[in-house]
Amino acid sequence: MKLATWNVNSLKVRLEQVQHWLVDNSPDCLCLQETKTTNEDFPHSVFTEMGYNSLYNGQKTYNGVAILSKHPVKDPVYDIPGYDDHQKRVVSADIGGIRVVNCYIPNGQDLGTEKFLYKMEWLAALTKYLETLHPKDHPVIVTGDFNIAPTDLDLWDPDGMRDQIFCSKDERDHLQRIFDLGFSDCFRQDNPEVRQYSWWDYRQGMFRQNKGLRIDLVLASAPLKEVHRRSFIDPAPRKSERPSDHTPVISEFSGPLKSPGNTTIP
DNA sequence: ATGACTATACAATATAGA
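Not measured: the values here are computed from a predicted model. (Residues numbered from 1 in each chain as written. Chains lettered and ligands numbered in written order. Predicted model: local features only at pLDDT ≥ 70, side-chain atom pairs only at ≥ 80, totals over all residues. Heavy atoms only, no water.)

### Section: unusual backbone geometry
Peptide bonds are trans in most cases, and residues, glycine excluded, mostly fall at negative phi. Positive phi values are uncommon outside glycine, yet E34 reaches one of about 55°. Examined against the element boundaries, E34 turns out to sit in the loop between strand 2 (29–33) and helix 2 (44–49). Of note, the phi angle at R242 is positive, near 50°, even though the residue is not glycine. Considering the arrangement of structural elements, one finds R242 in the loop between helix 7 (236–239) and strand 14 (249–253). Note on R242: relative accessible area 62%, which makes it exposed. (Helix = DSSP H or I, 4+ residues; strand = E, 2+ residues; numbered from the N terminus. Buried < 20%, exposed > 50% of the residue type's maximum accessible area, 1.4 Å probe, protein only.)

So this is what it looks like as structure tokens:
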């Protein structure tokens, strides 16, 4: 199971890039964020023709998430159950025996703002929902654009950004609560020391200078730890013409799962 | 420098992103 996450910052603008990336990389599952597309306008037939099922939860102008999968998509869930949110930020489903939760976590703007409070409330609701999935003994992947850099190794300028948005204590405390449920950060588990980013600001030639943040994550629950093979970031799409400001993050899993049902990951 | 880019909605600017 090769799973990837990519904030495309408008699926309409990036559709051809997504198609090329699927052909070149052949992931089993691609989780998209910021599709900025209504369900009515979602280009599902483009993906069907490429052999991908799609599941989408979108809206006009902002937000929007989708899961593309070569394998059957079972038991879809839209949004965070029990949490009243008009912004379309979550879609999840069972894929090959793994519950995949695709998230676009709120940006938060700046500490102390209304948007930051929304981010905090939203993360609390997500964590509460993830707990109901029993990640300590069920295979669960929670992935997407977290808008949180887990540690200072994930920031190009830790001193300049100290205690600011994307790396504040409050945000990292929320991430820690998710880790406490039994999730781990796949990229960091596989690459303990490396400084690599998944997002670079469009302005000031930040990508050229490699001044970025690692805020796009794949978190795998405890039963997936032993079948996690490798994780990496593909900077290629960020180099293309008219790129998204984010680039894909990929995690690979294989082998038999001890629970539930002793299934083997496709 | 409340800037710099980019996308969207909408028609000259405004909101949002990270």
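### Concerning the sheet that holds strand 6 (residues 90–95)
If you walk across this open sheet you meet the six strands as 5-6-7-8-12-9, and the pairing is mixed. Each end of this open sheet is capped by a strand with a single partner; those strands are strand 5 (73–78) and strand 9 (184–185). Two strands pair when backbone bridges link them, and strand 9 and strand 12 (residues 216–220) are joined in this way by two bridges, in the antiparallel orientation. When the sheet's bridge partners are listed, D185 is paired in strand 12 with L219. Running over the sheet, helix 3 (residues 114–132) touches strand 5, strand 6, strand 7 (98–104) and strand 8 (140–145) and is turned about 175° from strand 7. Docked against the sheet, helix 5 (residues 169–180) engages strand 9 and strand 12, running at close to 25° with respect to strand 12. (Pairing = 2+ DSSP bridges. Contact = heavy atoms within 4.5 Å. Axes fitted to C-alpha atoms, helices over the stretch in contact; angles between N-to-C directions.)

### Remarks on the state of the cysteines
Using the criterion set out here, one finds zero disulfides in the structure. C186 carries a free sulfur, and the closest cysteine sulfur to it, the one in C31, is 12 Å from it. The exposure class assigned to C186 is buried, which follows from its relative accessible area of 1%. (Disulfide = S-S within 2.5 Å.)

### Brief notes about the pairing of strand 7
Burial within strand 7 is extensive, with seven of its seven residues counted as buried. Both faces of strand 7 are covered, namely the face carrying I98, V100, N102 and Y104 and the face carrying R99, V101 and C103. Looking at chain direction, strand 6 and strand 7 are connected through six bridges and run antiparallel. Its bridge partner lying in strand 7, V90 is registered against C103. Between strand 6 and strand 7, which pair antiparallel in sequence order, lie two residues; one of them, G96, sits at a positive phi of approximately 55°. For strand 7 and strand 8, the ladder comprises six bridges, and the chain directions are parallel.

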